[in-house]
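Summary of the model geometry
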Amino acid sequence: MGGGGTARPGGHLGVTRGLRGVAIARRGRPTAGVEAVRAAREGDPSGTAEAFRAGFLAGAVWGWCAERAAQLGCALAAAALESPDAQGYPLVRDRLAARLRCAYGPDAADQIAARLPS
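Described below are features of the structure shown in this document. (Residues numbered from 1 in each chain as written. Predicted model: local features only at pLDDT ≥ 70, side-chain atom pairs only at ≥ 80, totals over all residues. Heavy atoms only, no water.)

1. Let's talk about the packing of helix 1 (residues 48–61) against helix 2 (residues 66–82)
The angle between the axes and the distance between the axes are what describe a pair of packed helices. Keep this limit in mind: Every angle, taken between N-to-C directions, lies between 0 and 180 degrees, and every axis is a line fitted to C-alpha atoms, over only the stretch in contact when it is a helix. A helix here means a DSSP run of H or I that spans at least four residues, while a strand means a run of E at least two residues long, and both kinds are numbered starting from the N terminus. Should an angle lie under 35 degrees it is considered roughly parallel, over 145 roughly antiparallel, and from 65 to 115 roughly perpendicular; all remaining angles are considered oblique. Note on convention: near helix rotated counterclockwise from far helix by under a right angle means a left-handed crossing. Clockwise means right-handed. The contact definition used throughout considers only heavy atoms, calling two residues in contact when any of these lie within 4.5 Å. Put simply, Ala, Val, Leu, Ile, Met, Phe, Trp, Tyr, Cys and Pro go in the nonpolar bin, Asp, Glu, Lys and Arg in the charged bin, and everything else, Gly too, in the polar bin.
In contact at an axis separation of 7 Å, helix 1 and helix 2 are set at 150° when each is read in the N-to-C sense. When the axis of helix 1 is compared with that of helix 2, the two are roughly antiparallel. In the packing of helix 1 onto helix 2, the handedness of the crossing is right-handed. Across from Thr48, Ala51, Phe52, Gly55, Phe56, Ala58, Gly59 and Ala60 in helix 1, the residues of helix 2 making contact are Ala66, Ala69, Ala70, Leu72, Gly73, Cys74, Leu76, Ala77, Ala80 and Leu81. Tallied by class, the residues present in the contact of helix 1 with helix 2 amount to 14 nonpolar, four polar and no charged.

2. Things to note about the packing of helix 2 against helix 3 (residues 93–104)
The interhelical angle for the contact between helix 2 and helix 3, taken along N-to-C directions, is 120°, at an axis separation of 10 Å. In terms of orientation, helix 2 and helix 3 fall into the oblique class. Of the two elements, helix 2 crosses helix 3, and the hand of that crossing is right-handed. Every residue of helix 3 that contacts helix 2 at Gln71, Leu72, Cys74, Ala75, Leu76, Ala78, Ala79 and Glu82 is listed here: Leu96, Arg99, Leu100 and Tyr104. For the contact of helix 2 with helix 3, the class distribution of residues is nine nonpolar, one polar and two charged.

3. Regarding the pairing of strand 3 (residues 22–26)
Every regular strand shows the same layout, with side chains that alternate between the two sheet faces. Selection rule: Burial classes: relative accessible area under 20% of the type maximum marks a residue as buried, over 50% as exposed, and values in between as partly exposed (1.4 Å probe, protein chains only). Strands are treated as partners if at least two bridges between them are detected by DSSP.
In terms of residue burial, strand 3 counts as a mostly covered element, since four of its five residues are buried. Alignment of strand 3 against strand 4 (residues 29–34), held across four bridges, turns out to be antiparallel. What sits directly across from Arg26, in strand 4, is Arg29. From the end of strand 3 to the start of strand 4, which pair antiparallel, there are two residues, and Gly28 there has a positive phi angle of about 70°.

4. Let's talk about the pattern of salt bridges
Where we set the bar: Salt bridges, as used here, are contacts in which a Lys or Arg side-chain nitrogen is within 4 Å of a carboxyl oxygen on Asp or Glu.
Under the criterion given, the structure shown has four salt bridges. Here Glu50 ties to Arg53 by a salt bridge, and the two come within 3.9 Å at their closest N and O atoms. With Glu50 and Arg53 both in helix 1 and three residues apart, the pair spans about one turn of that helix. Classification of Glu50 as partly exposed rests on a relative accessible area of 47%. Between Asp110 and Arg101 there is a salt bridge whose closest N-O contact spans 2.6 Å. Since its relative accessible area comes to 44%, Asp110 is described here as partly exposed.

Purely geometric numbers; function is a separate question.
Right, dumping it as structure tokens:
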């Protein structure tokens, strides 16, 4: 994930920290951290911040908490980082769910996978 990307759904500020994941600042609450999803290989980081924001904002639109939205964002950023094409990368629901399960556990994987097309 590229560092420095931000988004503000629902009064939250998500700040990407590259391979260290995301810091989520919330009004009146402590900052929360979400670990990055590890990429199988690292390619050109172009597009990773955009991929993170797409996942983070999708989760916010779907009514998820900021942490769950950031988990989807981190998974999409890892997929973008692995791709040789910064503007397009294949997403396979079952593969993405397996990565989410490894990174964040079955509850996160199941909730996120339920919203993805098969």
